[in-house]
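Topology and contacts: notes
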Amino acid sequence: MSDLRDLYQDVILEHSKTPRNYRELPAADHKAEGFNPLCGDRFTVYVTLDGDTIRDVSFQGSGCAISKSSASMMTQSVKGKTLAEAEKIFERFHEMVTGHAPAAGNESELGKLTVFSGVSEFPVRVKCATLAWHTLHAALEGKQDAVSTE
Amino acid sequence: MTTAARKLDAEQRPAPIGGGLDVARVRADFPILQQRVHGKPLVYLDNAATSQKPRAVIDAIVRYYEGSNANIHRGVHYLSEIATKDYEAARRTAQEFINAPHAHEIIFVRGATEGINLVAQTFGRARVQPGDEVLITAMEHHSNIVPWQILCDEKGAKLRVAPINDQGELLLDEFAKLLGRRTKLAAVTHVSNALGTINPLKRMIELAHAHGVPVAVDGAQAVPHMKVDVQALDCDFYTFSGHKVYGPTGIGVLYGKSALLEAMPPYQGGGDMISSVTFEKTSYNKLPYKFEAGTPDIAGVIGLGAALTYVNGLGIGNIGAHEHDLLVYATQVVSAIPGVRLIGTAKEKAGVLSFVIEGVHPHDIGTILDQEGIAIRTGHHCSQPLMDRFGIPATARASFAAYNTREEVDALVRGIGKVREVFA
């Protein structure tokens, strides 16, 4: 049996209760909305770029503990990174939560995000963990339509 | 299932003492309930999504495929004759189940969703004109919203929505006020899937008919839990899904009054729904075949017949009383948990308990309960406008069936305790 505490780690619960960078960025030059039609989770991600670097990133919306904490920790991990670095982190994160690559060995890139490694034991929750990331990706690509997990 | 076999099934089950349900025996009829999930006994409380299937239904389907599989209505051979007889026997079982006047008023569809779409695309399309109105309620499932939106968009008509109160009860006066000269149809749910509210359907139909407005009823959440009598209701259409009433998925029933069905254009063209075809002109088959184009889900129909026969054996009144007892108990013990708020507290309710826990998203409730072997539904229950009405994105929903027990409600309460522990 998968242990619930592998999924709901303290760091995750703490971020879901007190999400970081939870605000609108009125001056954002990139913005996208992400939506999971199955559970109704909905987030808006705001990005301000400085050349190739993510100068500021924030989010707002509603969702479960996994999606909200993932969004919160995502903003912390990509702030100050270049676009290429951010994409690389998303790639590693995605591999980790889908169980395609263990967190071990990728700690240097993933940092604190390794707390989400337990998600791979709960396949229906992968979409929760990746919603904000897909939304960030859409924001940076300049997509106008809301990105959907379906 | 043959008539003789149906009788046998019903006779084999002695009436339980005291008129109630022998729940232990009911549970033994459902093979799936014997399993463990994540090492815990399965507690299946997602019956409003789909019910489990008794052995009698599974066996009827296997018997059909092993012993009488053939296409129906056309074959002159032995197997086709048996299959046709069993298929039509299930139609009569469904007719009796909802007390429809005639067997030809029972049309087999894929489920309630297809039943509603059929009415919208045939009856609705012919009747609704630009500037007209279709009336629904604020507690409809998406399947009783979207088909009417599509129709209204196509016709330049308007969709009107009768409001509900904070308990999740229809405001009957407002419903009556919205019935006007331009109202061409009312499409209403009998029981709300997300809240469990039982609508005052008979009164709603009387009000609509007083304005000359026909009424189509979504009965998906009512048929498994209460005696439905379409003649007593005097509804014009009534539809339900087989899979929520212990039958297979992919099959359901649309009842319509003969005169309306006769006047309606067909829904889909194809085999079985014609009486003659030339390249110049086709004349359509008589009811109900006019609305059953193509080879139908024969096994599904036979399985549905077996399911309704099974329910008759238990007694729908007994099932309803048992579920009501569970609902009353669950309402009491779940609402007593600190931080829990019930969504949908109508006076008249079927066995649905929708709730939210302060500070915990329903999706997380669902995952934690699942680890305890408890299956509930979490999300918007295909009722997003209703969730908006209550200002919440989603709820957790436990829903009861004949085989559920008070001990399972206790397991739910312990599970919610675990949720609160994790999120403390």
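Remember, predicted model here, so these are calculated numbers, not experimental data.

1. Some remarks on the overall build of chain A
For chain A, the count of helices and strands is six helices and four strands. Reading chain A from its N terminus to its C terminus gives the helix and strand order α-α-β-β-β-α-α-α-α-β. For 150 residues, the compact-globule estimate of 2.2 N^0.38 gives 15 Å, and the C-alpha radius of gyration of chain A, at 14 Å, lies within 12% of that figure. When its C-alpha atoms are laid out on the principal axes, chain A stretches across 45 × 35 × 25 Å.

2. Quick notes on the environment of R182 of chain B
Residues and elements named next belong to chain B. Note that R182 resides in the loop between α7 (172–178) and β7 (183–189). Along the primary structure R182 and V419 are separated by 237 residues, whereas in three dimensions their C-alpha atoms are 50 Å apart. Discounting residues that sit within four places of it in the chain, R182 has contacts with P130, G131, D132 and E133. In terms of polar contacts, R182 uses its side chain to reach the backbone carbonyl oxygen of P130, at 3.4 Å.

3. Thoughts on helix α11 (residues 298–314) of chain B
Residue and element names in this part refer to chain B. Taking 1.5 Å as the rise per residue, α11 with 17 residues should run 24 Å; its terminal C-alpha atoms sit 25 Å apart, in good agreement. Counting buried positions over the 17 residues of α11 gives 15, a clear majority of the element. Two residues or fewer past α11, G315 is found with a positive phi of approximately 95°.

4. Concerning the domain arrangement of chain B
By a widely used convention, the size of an interface equals the accessible area lost when the partners come together. Residues and elements named next belong to chain B. The domains assigned to chain B are domain 1 (78–312) and domain 2 (316–419). Using C-alpha coordinates to define each centre, domain 1 is positioned 28 Å away from domain 2. Facing 27 residues of domain 1, the contacting portion of domain 2 comprises 29 residues. Overall, the association of domain 1 and domain 2 removes approximately 2200 Å² of surface from exposure, summing both partners, and the carbon and sulfur fraction of that is 57%. Of all residues in domain 1, H142, L195 and H225 give up the largest surface area on contact with domain 2, accounting jointly for 26% of the area buried on that side. At the boundary of domain 1 with domain 2, the tally comes to one salt bridge. Note that R389 and D166 form a salt bridge whose closest N and O atoms lie 3.0 Å from each other. Taken together, the links from domain 1 to domain 2 amount to 17 residue pairs in polar contact (both at pLDDT 80 or more).

5. Focus: the nonpolar core
Residue and element names in this part refer to chain B. With 80 residues, the main nonpolar core has I98, F175, V228, Y238 and Y246 as its most contacted residues. Examining the composition of this core, we find that 11 residues originate from one element, α11, more than from any other. In this structure, this core is formed jointly by two domains, domain 1 (78–312) and domain 2 (316–419), each of which donates at least three residues. Once residues within four sequence positions are removed from consideration, V228 is found in contact with F97, I98, N99, H190, A222, V223, L233 and Y238.

Basis of the calculations
Residues numbered from 1 in each chain as written. Chains lettered and ligands numbered in written order. Predicted model: local features only at pLDDT ≥ 70, side-chain atom pairs only at ≥ 80, totals over all residues. Heavy atoms only, no water. Helix = DSSP H or I, 4+ residues; strand = E, 2+ residues; numbered from the N terminus. Rg over C-alpha atoms; globule rule 2.2 N^0.38 Å. Contact = heavy atoms within 4.5 Å. Polar contact = N/O pair within 3.5 Å; in protein donor to acceptor, adjacent residues only side chain to side chain. Expected span 1.5 Å × (residues − 1). Buried < 20%, exposed > 50% of the residue type's maximum accessible area, 1.4 Å probe, protein only. Domains from an automatic or database assignment. Buried area = accessible area lost by both parts, 1.4 Å probe. Salt bridge = Lys/Arg side-chain N within 4 Å of Asp/Glu carboxyl O. Core = buried A, V, L, I, M, F, W, Y, C linked by side-chain atoms within 4.5 Å.

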